[in-house]
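The chain contents come next:
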Amino acid sequence: MPNVKKLYKRVLFLSAVLITTLGLNACGQTPDAKAETPKTATVQTGGVVNVSNAELQSLLDQGVPLVDIRLPEEWSETGVVANSHKITLFDARGNVNPNFLAEVQKIAPKDKPVALICRTGNRTRAGAQMLVQSGYKQVYNVTTGIKSWIGEGRAVTR
């Protein structure tokens, strides 16, 4: 009999990937003005707002928490954006961290905004969709990741 938790994680991940790929609800949708969406939002895709590094900086200046979803060895290799919350989403084998949602909720309740960053923006697309599917209303995806952040000469901490 298959492990139910593992199966559930796979279904959740595949659903997030499918929704991200299809870009559901992306056509002409704009953020709700009452949701206090920061004015830096660029493109909204399926409930996720994609942001550039400049827009991320504006979000950080507004106090929006940033979750770096990479692996610990990646944090050590490049450093992280100052004040990032380090919560790995996928392990080295591609399995979803079963504590990810609970750990994110400790720093950002579902009714508050949260931003995600990874190496290049690929993992955050899936992670952002997972958060939206679990009830988050304001999720920001840093589309170019920490590599671009560093490439622009922006500061990181070790």
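K.L.:
What exactly am I supposed to notice about the side chain of S84 here?
P.N.:
Mapped onto the fold, S84 is located in the loop between helix 3 (72–78) and strand 4 (85–86). What makes S84 buried here is its relative accessible area of 14%. Among the polar contacts made by the side chain of S84, one reaches the main-chain carbonyl oxygen of V81 at a distance of 2.6 Å.

K.L.:
Is there a simple way to explain unusual backbone geometry in this structure?
P.N.:
A negative phi holds for most residues other than glycine; trans holds for most peptide bonds. One non-glycine residue, N83, lies in positive phi territory at about 70°. Following the sequence through the fold, N83 ends up in the loop between helix 3 and strand 4.

K.L.:
Looking at this model, I keep getting lost on the nonpolar core. Mind explaining?
P.N.:
By size, the foremost hydrophobic cluster in this structure holds 19 residues, and its most contacted members are F100, V114 and L131. The set of elements that each furnish at least two residues to this core consists of helix 4 (100–107), strand 5 (114–117) and helix 5 (122–133). Among the elements that line this core, the one with the most residues is helix 5, at four residues. Not counting chain neighbours up to four residues away, the residues in contact with F100 comprise V67, I69, I87, T88, L89 and L131. Formed by 13 residues, the second largest nonpolar core is a distinct cluster that contains V51, L66, A115 and I117.

Thresholds applied
Residues numbered from 1 in each chain as written. Predicted model: local features only at pLDDT ≥ 70, side-chain atom pairs only at ≥ 80, totals over all residues. Heavy atoms only, no water. Helix = DSSP H or I, 4+ residues; strand = E, 2+ residues; numbered from the N terminus. Buried < 20%, exposed > 50% of the residue type's maximum accessible area, 1.4 Å probe, protein only. Polar contact = N/O pair within 3.5 Å; in protein donor to acceptor, adjacent residues only side chain to side chain. Core = buried A, V, L, I, M, F, W, Y, C linked by side-chain atoms within 4.5 Å. Contact = heavy atoms within 4.5 Å.

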